[in-house]
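Single-letter residue listing:
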Amino acid sequence: MTVFALIIINKAGGLIYNRTFHEGGLNKLSTNDYLVLAGTFHGVHAITTRLNPVKIERPSTAASSGPGGAPILTRPDPPSGLEVLESENFRLQCFTTLTGTKFLLFTDTTQANISVIMGRVYEMYSDYVMKNPFYQLEMPIRCDMFDRKLSSHIREINNK
Amino acid sequence: MAHMGTAGKPGGKESGGGLRYPTNGKTIYHRPLNRSRTSELSQASFAYLFSEMVAYAQKRVTGIQDLEKRLNVQGHPIGLKLLDLLLIREPARTQTRPLNIIALLHFIKGNVWQHLFGRQANEVQRSSNAETPDEYMIIDNEPVVNAYISVPREMSQLNCAAFVAGIVEGVCDGAAFPARVTAHTVGGKEDGEMWPGKTVFLVKFQPEVLEREALLGKG
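Reading the values: rules and limits
- Residues numbered from 1 in each chain as written.
- Chains lettered and ligands numbered in written order.
- Predicted model: local features only at pLDDT ≥ 70, side-chain atom pairs only at ≥ 80, totals over all residues.
- Heavy atoms only, no water.
- Helix = DSSP H or I, 4+ residues; strand = E, 2+ residues; numbered from the N terminus.
- Buried < 20%, exposed > 50% of the residue type's maximum accessible area, 1.4 Å probe, protein only.
- Contact = heavy atoms within 4.5 Å.
- Areas by Shrake-Rupley, 256 points an atom, 1.4 Å probe, with all protein chains shown as cover.
- Salt bridge = Lys/Arg side-chain N within 4 Å of Asp/Glu carboxyl O.
- Buried area = accessible area lost by both parts, 1.4 Å probe.
- Axes fitted to C-alpha atoms, helices over the stretch in contact; angles between N-to-C directions.
- Parallel < 35°, antiparallel > 145°, perpendicular 65-115°, else oblique.
- Left-handed = near helix turned anticlockwise from the far one by under 90°.
- Nonpolar A, V, L, I, M, F, W, Y, C, P; charged D, E, K, R; others polar.
- Expected span 1.5 Å × (residues − 1).
- Pairing = 2+ DSSP bridges.
- Core = buried A, V, L, I, M, F, W, Y, C linked by side-chain atoms within 4.5 Å.

Undergrad: How should I be thinking about the overall build of chain A in this particular structure?
TA: Tallying secondary structure elements over chain A gives three helices and five strands in all. Buried residues in chain A amount to 38% of all 160 residues. The long-range share in chain A, meaning contacts at least 24 apart out of those at least 6 apart in sequence, stands at 52%. Total accessible area on chain A is roughly 9900 Å²; 55% of this is exposed by carbon and sulfur atoms.

Undergrad: Would you take a moment to explain the pattern of salt bridges for this structure?
TA: Two side chains carrying opposite charge are able to pair once their charged atoms lie near each other. Within this structure, the stated rule accounts for 10 salt bridges over all chains. A salt bridge links Glu86 of chain A to Arg91 of chain A, with the shortest nitrogen-to-oxygen separation between them at 3.3 Å. The closest approach of N and O atoms between Arg153 of chain B and Asp144 of chain A, which form a salt bridge, is 3.7 Å. In this pair, Arg153 of chain B is assigned in the loop between strand S2 (135-140) and helix H5 (162-174) and Asp144 of chain A in helix H3 (residues 144-158), connecting two distinct chains. Among the residues examined, Arg153 of chain B registers a relative accessible area of 68% and is labelled exposed. Where salt bridges share partners, they join Asp134, Glu135 and Lys204 of chain B into one cluster.

Undergrad: For this particular structure, what's the right way to read the interface of chain B and chain A?
TA: In this assembly, 19 residues from chain B lie in contact with 13 residues from chain A. Taken together, both faces of the contact between chain B and chain A bury some 1300 Å²; the carbon and sulfur share is 61%. For the chain B face of the interface with chain A, the top three residues by lost area are Tyr48, Tyr148 and Ser150 of chain B, together amounting to 44%. Linking chain B with chain A are one salt bridge, by the criterion used here.

Undergrad: How should the packing of helix H2 (residues 114-128) of chain A against H3 of chain A be read in this particular structure?
TA: The relative placement of two packed helices is expressed as an angle between their axes plus a distance between the axes. Residues and elements named next belong to chain A. The interhelical angle for the contact between H2 and H3, taken along N-to-C directions, is 165°, at an axis separation of 9 Å. When the interaxial angle is binned, H2 and H3 end up roughly antiparallel. Our pair here, H2 against H3, has a crossing hand that is right-handed. Between H2 and H3, the contacting residues are Ile117, Arg120, Val121, Met124, Tyr125 and Tyr128 on the first element and Met145, Phe146, Lys149, Leu150, His153, Ile154 and Ile157 on the second. Among the residues forming the contact of H2 with H3, the class breakdown is 10 nonpolar, one polar and two charged.

Undergrad: Would you take a moment to explain H2 of chain A for this structure?
TA: Given 3.6 residues per turn, any residue in an α-helix points the same way as the ones three and four places further on. All names here are of chain A. Helix length check: H2 (15 residues) gives 21 Å between terminal C-alpha atoms against 21 Å at 1.5 Å per residue, within 8%. Along H2, the positions that sit buried rather than exposed are Ile114, Ile117, Met118, Val121, Met124, Tyr125, Asp127 and Tyr128. Buried positions along H2 lie against strand S1 (3-9), strand S4 (91-96), strand S5 (102-107) and H3.

Undergrad: What's the story with the pairing of strand S2 (residues 15-20) of chain A in this structure? I'm lost.
TA: Moving residue by residue along a regular strand, the side chains alternate between the two faces of the sheet. Residue and element names in this part refer to chain A. Note: S1 against S2, five bridges, orientation antiparallel. Note that in S2 the partner of Ile9 across the bridge is Leu15. Taking the residues between adjacent antiparallel strands as the criterion, S1 and S2 are bridged by five residues, where Gly13 takes a positive phi near 95°.

Undergrad: Would you mind showing me how to read the sheet that holds strand S4 (residues 199-205) of chain B here?
TA: Strand-to-strand pairing in sheets goes through backbone hydrogen bonds, with the strands running parallel or antiparallel. Residue and element names in this part refer to chain B. Pairing within the open sheet is antiparallel, and its four strands lie in the order S1-S2-S4-S3. For this open sheet the edge positions go to strand S1 (123-126) and strand S3 (179-185), each flanked by a neighbour on one side alone. Direction aside, neighbouring strands of the sheet carry axes that sit 20° apart on average. Pairing geometry for S2 and S4, over six bridges, is antiparallel.

Undergrad: What is the right way to look at the nonpolar core in this model?
TA: It is characteristic of soluble globular proteins that their nonpolar side chains tend to be buried jointly. Core analysis: the biggest nonpolar cluster contains 45 residues, and Ile108, Trp113, Ile138, Phe201, Val203 and Phe205 of chain B have the highest contact counts within it. Apart from the residues within four sequence positions on either side, Phe201 of chain B is in contact with Trp113, Tyr136, Met137, Ile138, Asp140, Ala161, Val164, Ala165, Val181, Thr182 and Ala183 of chain B. Membership of the second largest hydrophobic core comes to 26 residues, among which are Met118, Ile141 and Leu150 of chain A together with Tyr148 of chain B.

Undergrad: Mind showing me how you'd approach the sheet that holds strand S3 (residues 84-86) of chain A here?
TA: Residue and element names in this part refer to chain A. Reading across from one edge, S2-S1-S5-S4-S3 is the order of the five strands in this open sheet, with antiparallel pairing throughout. With one partner strand each, in any of the chains shown, S2 and S3 form the two edges of the open sheet. Going from strand to strand, the sheet's axes swing by 15° on average, the running direction of each strand aside. In this sheet, S5 lies alongside S1 in antiparallel orientation, the contact comprising six bridges. Note on S5: the bridge partner recorded for Val3 is Thr107. Together, S1, S4 and S5 form the strand contacts of H2, whose direction differs from that of S5 by roughly 135°. On the sheet, H3 packs against S1 and S2 and is oriented at approximately 40° with respect to S2.

Here is the structure:
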């Protein structure tokens, strides 16, 4: 079980973070190709989001009525779009935050608990990137602390 | 005017005017505002607040020195007030302010750090250089304020714990030990990669402080 790489895409479709954890798992691409990959994935994700219709929940009178008897209006879950892409040798898991930032995790096909790893990566992003006064939103991530914590966490998983 | 007159009456009847103290002698200054068991605050909300403070200090500065000075100035009044607050919470016997350098530095290492960060500072040292006997060092292996901060490479001399240095400076000034306090990153050099954020707070006392200390030592 190996985690190969992590890519973070900002809400405009730009590549803001690209990191390989395991040599030999995936072939190296040129920087330009990674930018194209990020942009293309962003576009495909946007289209698949439109493909998936939003479920309209009927307000059931028993469960969702407020204290005054008025029905509580609930916002339906936003359509999720493309989440997993699997090939013979790797699996690409996508996680979209509520603000539209995308985390793409490349793992081998047998990797378990990807959502747990993803949750931890998101947690580290919100700690060491979003709480850093020197980080400018939507710009490439250059935070030593984030790099350090991320590599030690992924190394732990890969050495299990 | 009428209601002011009536408001003054009860106080005058009981104690002849002036402030009234609770019978057990504990005023509101003796207890923390936050009543929970550990009286801790959320580190995340502090991190966001501090991040904005650094961003605010960064506006219209000319250089890193200037930025550190601004952070220092933000911390200074906190230190001044903290000295009074922490002393009044001490038991009545030890309520006097520290009277020599060692007592002052131990007060900072122990009480001030415990109150601010929930633990003591790691070390207090005197400068080993014989030419600078006025310099003392307070060492923190992982400053809480820097927990989530990565300083960009082009600003590598900056240490945002300059804010804490300002607090320490305020405490020293308030206790009548005027000093200049600066924060320096030393991690990743002498101790390997063990404490990458290790910070030294260099306390440089004014000459008159050492002069007084020497006179007191003789007497």
